[in-house]
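The residues making up each chain are set out below.
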Amino acid sequence: MKVAIAIGAHPDDIEFGMAGTLLMLRRAGWEIHYLNVANGSCGSRQHSAAKLVAMRRREARAAARVLGGHWHPSLVTDLEILYELKTLRRLAAVLRAVKPTIILTQSPEDYMEDHTNTCRLVVTAAFSLGMANFRTVPVRPAIDVEVTLYHALPHGLRDGLRRRIVPGAFVNTTPVHATKLAALAEHKSQQDWLDVSQGMNSYLKTMDAMSREVGRLSRRFTHAEGWRRHSHLGFSASGTDPLRSALGKDCLVNRRYEASLG
Ligand SMILES: [Zn+2]
């Protein structure tokens, strides 16, 4: 069976910008996996870290169930996603167990460092899959797999310097939008917190508006998620585009982006 994994920084990042594509892959017969690198420990002013981590773990598991994905436990606490060896070894062990051919993860440019560090960790962990001399924790043997990485759009669709990030491909998430909303709604602890900390007028509405905006950019789909495909060098021999192969006309390549690559 074909296997895809989404790796987000915090509980709800997958639901904001990756879950629609995961659901479309599941519809296409793929096995899907779900991992938040951080446990959401800082996402509230009301609860202690220990109580909040337990709540958000339950919420994330429920969201993964709604998506029909295999849930994996978080590795670190919020604001402690650092590009360092301990987390890298553990993340690489997860990937060696899952054996994905598609990895969906955060953007290399984003509004905060947990997101960009997640991206860096995932890229290196994926790069190490076939390297027998890189030790993972727990120890797992290197695997021979062709993997393709796709980067989600940053939060707010812009980088930290406010520049708009143009996607290289759009995935039609309209058929699965209701399920994507239902998965996000499982993160009940976040409703009030995001209203207070980021001025979000109900996070469900924010996600809905974001996916409509990406749909508008696609000029084809009502709801969409945007992706940029990582260079194949070091990850696969051929530079194939398995997301497009899997989703067919529900994955629209942005020709203007491709032309801009030179
Ligand atoms: Zn986040």
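Heads up: the structure comes first, above all this text.
Predicted model, so just to flag it, every value in this text is computed and none were measured. Think of each chain on its own: its residues are numbered from 1, step by step along the sequence as written. Residue-level local features of this predicted model are given only where pLDDT is at least 70; pairs of side-chain atoms are given and counted only at 80 or more, and the full residue set underlies all totals for whole chains, interfaces and linings. Each side-chain value is worked out from all heavy atoms of the structure, with water and hydrogens disregarded.

### Looking at the environment of aspartate 208
And step 1. Note on placement: aspartate 208 falls in helix α8 (residues 203–218).
And step 2. Along the sequence, aspartate 208 and isoleucine 32 sit 176 residues apart, while their C-alpha atoms lie 23 Å from each other.
And step 3. If sequence neighbours within four positions are ignored, aspartate 208 has contacts with His177, Leu181 and His223.
And step 4. The term polar contact refers here to a pair of N or O atoms within 3.5 Å; inside protein, the definition further demands a hydrogen-donor-capable atom paired with an acceptor-capable atom, and it admits residues adjacent in sequence only when both atoms are side-chain atoms. Within the structure, the side chain of aspartate 208 is placed 3.0 Å from the side chain of arginine 212, a separation counted as a polar contact. Each helix corresponds to a stretch of at least 4 residues labelled H or I by DSSP, and each strand to a stretch of at least 2 residues labelled E; elements are numbered beginning at the N terminus. Any two residues whose heavy atoms approach within 4.5 Å at even a single point are treated as in contact.

### Description of the coordination of the zinc ion
And step 1. Each protein donor to the zinc ion is listed here as His10 (ND1), Asp13 (OD), Asp13 (OD) and His115 (NE2); together their distances run 2.1 to 2.6 Å.
And step 2. In this structure, the zinc ion is coordinated by four donor atoms arranged in irregular fashion, with angles at the metal of 53 to 141 degrees. Water is not part of the atom set, so a site may look incomplete; the donors themselves are N, O and S atoms within 2.8 Å of the metal, or 3.2 Å for Na, K and Ca. For four-coordinate sites, all angles between 85 and 135 degrees define a tetrahedron; for four- and six-coordinate sites, opposite donors beyond 155 degrees with the remaining angles between 65 and 115 define square planar and octahedral shapes respectively, and all other cases count as irregular.

### Describing the sheet that holds strand β6 (residues 169–172)
In any sheet, the strands associate via hydrogen bonds between backbone groups, in a parallel or an antiparallel arrangement.
And step 1. By this definition, two strands are paired if DSSP reports at least two bridges between them. Taken together, eight strands build an open sheet; the order of strands is β3-β2-β1-β4-β5-β7-β6-β8 and the sheet is mixed. For this open sheet the edge positions go to β3 (70–72) and β8 (251–253), each flanked by a neighbour on one side alone. Strand-to-strand twist across the sheet, computed as the mean angle between neighbouring axes with direction ignored, equals 25 degrees.
And step 2. Here four bridges tie strand β4 (residues 102–105) to strand β5 (residues 148–152), and the two strands are oriented parallel to one another. If you follow isoleucine 102 over to β5, its bridge partner there is threonine 148. Between N-to-C directions, angles span 0 to 180 degrees; the directions come from axes that are lines fitted to C-alpha atoms, helices contributing only their stretch in contact.

### Structural notes on the packing of helix α3 (residues 49–67) against helix α6 (residues 177–185)
And step 1. One way to put it is that α3 packs onto α6 with a least axis distance of 8 Å and a crossing angle of 165 degrees. Compared by their axis directions, α3 and α6 come out roughly antiparallel. In the crossing of α3 with α6, the sense of the turn from one axis to the other is right-handed. For the pair α3 and α6, contact is made by Ala63, Val66 and Leu67 and by Thr179, Ala182 and Ala183, respectively. These descriptions rest on fixed angle ranges, namely under 35 degrees for roughly parallel, over 145 for roughly antiparallel, 65 to 115 for roughly perpendicular, and the rest for oblique. By convention, the crossing between two helices is left-handed when the near helix turns anticlockwise from the far helix through less than a right angle, and right-handed when the turn is clockwise.

### Some thoughts on the packing of aromatic side chains
And step 1. Side-chain rings of Phe, Tyr and Trp, where Trp is taken by its six-membered ring, are said to pair if the distance between their centres is within 6.5 Å; with planes under 30 degrees apart they count as stacked, over 60 as edge-to-face, and otherwise as tilted. In the structure shown here, the tally under the stated rule is two aromatic pairs.
And step 2. Centre to centre, the rings of phenylalanine 127 and phenylalanine 235 are 5.5 Å apart; their planes meet at 80 degrees, and the pair counts as edge-to-face. Remark: phenylalanine 235 occurs in the loop between β7 (224–229) and α9 (242–247) and phenylalanine 127 occurs in helix α5 (residues 113–127); sequence separation between them is 108 residues.
And step 3. Residue phenylalanine 127 is classed as partly exposed on the basis of its relative accessible area of 38%.
And step 4. Three exposure classes are used, based on accessible area relative to the maximum for each residue type with a 1.4 Å probe and protein chains only: buried under 20%, partly exposed in between, and exposed over 50%. Here phenylalanine 235 falls in the buried class, since its relative accessible area comes to 8%.

### Things to note about helix α2 (residues 19–27)
And step 1. With seven of nine residues buried, α2 is to be regarded as a mostly interior element.
And step 2. Within the sequence span of α2, burial applies to Ala19, Gly20, Thr21, Leu22, Leu23, Met24 and Leu25.
And step 3. Positioned one or two residues after α2, glycine 29 has a phi angle of 100 degrees, which is positive.

### Considerations on the pattern of salt bridges
And step 1. By definition here, a salt bridge exists when the distance from a side-chain nitrogen of Lys or Arg to a carboxyl oxygen of Asp or Glu is within 4 Å. Throughout the structure, instances matching the rule amount to eight salt bridges.
And step 2. Here lysine 180 and glutamate 225 are joined by a salt bridge, their closest N and O atoms 2.6 Å apart. Pair noted here: lysine 180 is in helix α6 and glutamate 225 is in strand β7, with a separation of 45 residues, a long-range link.
And step 3. Lysine 180 gets classed as buried once you look at its relative accessible area, which sits at 0%.
And step 4. Here aspartate 241 makes a salt bridge to arginine 229, at a shortest N to O gap of 3.7 Å. Of this pair, aspartate 241 sits in the loop between β7 and α9 while arginine 229 sits in strand β7, and the two are 12 residues apart along the sequence.
And step 5. The structure contains a network of salt bridges with shared partners spanning Arg164, Glu213 and Arg216.

Fair warning: the whole summary comes from geometry, so function is off the table for now.
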